[in-house]
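Structure assessment
Read off the chains here:
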Amino acid sequence: MPKKTGVKGEELARRLARIKFAEKARNDADERYGYSRNLQLYRGEFKDALPTWMQGIDLIPINEVYAYAKTFVPSVYSRDPFIAVNPKGVKYIIGAKILELAVNAYWRELRLDRQVKRCIFDGIFSEGWIKTGYSASLGKYAKSDGDKDIYASEYIKEDEIFAQRISFKNMVRDPDAIDGVHDARFVAQRIILPLAAVKSSSLYENTDDLEANFVVDISGPTSYSNTNQFKTEEEYVVLWEEWNRDDEKVYTYAEGCDEYL
């Protein structure tokens, strides 16, 4: 039997250690196959992307990576898919046609094509991750201060399905897997949120002893005259959301916290 959530000590320490090992494996793959380096080439940052022995050579840069990415993504996703609804009998033909029109209109209303295209774009350089689900657990049950959603996104709304692109730099998976996620024992997503929002959200529990992982200092002018300055600090916490195949459960935890969230 898998252990219940809320168990302190060694179990959480093992999970976090496994996450850190998976992060190292991902970063090693990034360096070996040049995921981040190709993204730099796409953005035209040739000086940082080229090896040191080429940086002193006068070259005329031609950004073939940018040209390839800009043409490849539209060729793969040129339009929204058409969803067909097949009737089970003659008397259901009219109902199936009406449902087919409704489903395709709903898909266009969701406007998920941008997220799918971003996922395809990621797949060119590294790995494409897209997170799908139903927003009941992320919408009205996840309010923070000011009665706002803890996840501010037009693609995650109350009582709707959603699909959201996640950067490969925020994803780790079982390093022992040899067939992608198909034989991975766990997949985990790094989620960075304001500490106050996590503590006030009903989506999370056991947050009384949760501490910030880092603090961001924000300073700037209070008016257009640039005469008065303000300075404030925002505390953030790094959460890990782990899908565990052995336990068939989803765990959420953070460094420095002895309880599951």
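Heads up: the structure comes first, above all this text.
Treat the numbers as computed from the prediction; the structure is a model and nothing was measured.

**Regarding the overall build of the protein chain**
- Helix and strand counts for the protein chain stand at seven helices and nine strands.
- In the protein chain, the proportion of contacts linking residues at least 24 apart, taken out of those at least 6 apart, comes to 62%.
- Summing over all exposed atoms, the protein chain offers an accessible surface of approximately 17000 Å²; the carbon and sulfur share of this is 52%.

**What about the side chain of S126?**
- With respect to the helices, strands and loops of the structure, S126 is situated in the loop between α6 (113-125) and β1 (129-134).
- Residue classification places S126 among the buried residues on the basis of a relative accessible area of 14%.

**Re the nonpolar core**
- F121, F125 and W129 are the most contacted members of the largest nonpolar core, which totals 17 residues.
- Going through the elements one at a time, α2 (35-42), α4 (64-76) and α6 are the ones with two or more residues in this core.
- Not counting residues within four places of it along the chain, the set of residues in contact with F121 comprises L39, Y42, A69 and V73.
- Residues L12, A22, Y251 and Y253 belong to the second largest nonpolar core, which totals 12 residues.

**Observations regarding the packing of aromatic side chains**
- With the rule as written, the count across this model stands at 10 aromatic pairs.
- Centre to centre, the rings of Y42 and F125 are 5.8 Å apart; their planes meet at 70°, and the pair counts as edge-to-face. In this pair, Y42 sits in helix α2 while F125 sits in helix α6, placing the two residues 83 residues apart along the sequence.
- Overall, Y42 belongs to the buried group, its relative accessible area being 15%.
- One aromatic cluster is present, formed by Y42, Y66, F121 and F125 through successive ring pairs.
- A cation over a ring is seen here: R15 above Y251, with NZ or CZ 4.0 Å from the ring centre.
- Seen from the ring of F186, R18 lies directly overhead, with NZ or CZ sitting 4.4 Å from the centre.

**Thoughts on the pattern of salt bridges**
- Inspection of the entire model under this criterion finds 13 salt bridges.
- Across the pair R18 and E242 runs a salt bridge, and its minimum N-O distance is 2.9 Å. On the criterion of sequence distance, the pair formed by R18 in helix α1 (residues 10-33) and E242 in strand β8 (residues 229-244) is long-range, its members being 224 residues apart.
- Look at E242 and you get buried, because its relative accessible area is 0%.
- A network of salt bridges, in which partner residues are shared, links E11, R15, R18, E242 and D247.

**Quick look at the packing of α2 against α4**
- Following both chains from N to C, one finds α2 and α4 inclined at 90°, their axes separated by 7 Å at the closest point. Put simply, α2 runs roughly perpendicular to α4. Across from N38, L41 and Y42 in α2, the residues of α4 making contact are V65, Y66, A69 and K70.
- The class makeup of the residues in the contact of α2 with α4 is five nonpolar, one polar and one charged.

About the thresholds
Counting restarts for each chain, with residues numbered from 1 along the sequence as it is written. Local features in a predicted model are, by the rule used here, given only for residues with pLDDT of at least 70; side-chain atom pairs are given and counted only at 80 or more, and totals for whole chains, interfaces and linings are based on all residues. Side-chain metrics in this entry use all non-hydrogen atoms of the structure; hydrogen atoms and water are not considered. A helix here means a DSSP run of H or I that spans at least four residues, while a strand means a run of E at least two residues long, and both kinds are numbered starting from the N terminus. Here, residues are in contact when the closest pair of their heavy atoms is within 4.5 Å. All accessibility values rest on the Shrake-Rupley procedure with a 1.4 Å probe; residue burial counts only the protein chains present in the view. Residue exposure (1.4 Å probe, protein chains only): buried if accessible area is under 20% of the type maximum, exposed if over 50%, otherwise partly exposed. Only buried residues count toward a nonpolar core, which is a set of Ala, Val, Leu, Ile, Met, Phe, Trp, Tyr and Cys residues joined through side-chain atoms within 4.5 Å. The criterion for an aromatic pair is that two Phe, Tyr or Trp rings (for Trp, the six-membered ring) have centres within 6.5 Å, with stacked assigned to planes under 30 degrees apart, edge-to-face to planes over 60 apart and tilted to the rest. Note on geometry: a ring has a charge over it if NZ (lysine) or CZ (arginine) is within 6 Å of the ring centre and within 35 degrees of the ring normal. In the sections that follow, a salt bridge refers to a side-chain nitrogen of Lys or Arg positioned within 4 Å of a carboxyl oxygen of Asp or Glu. Fitted lines through C-alpha atoms give the axes, limited to the stretch in contact for helices. The angle between two N-to-C directions lies from 0 to 180 degrees. For this classification, under 35 degrees means roughly parallel, over 145 means roughly antiparallel, 65 to 115 means roughly perpendicular, and everything else is oblique. For this classification, Asp, Glu, Lys and Arg are treated as charged, while Ala, Val, Leu, Ile, Met, Phe, Trp, Tyr, Cys and Pro are nonpolar and the rest, including Gly, are polar.

These figures capture arrangement, not role.
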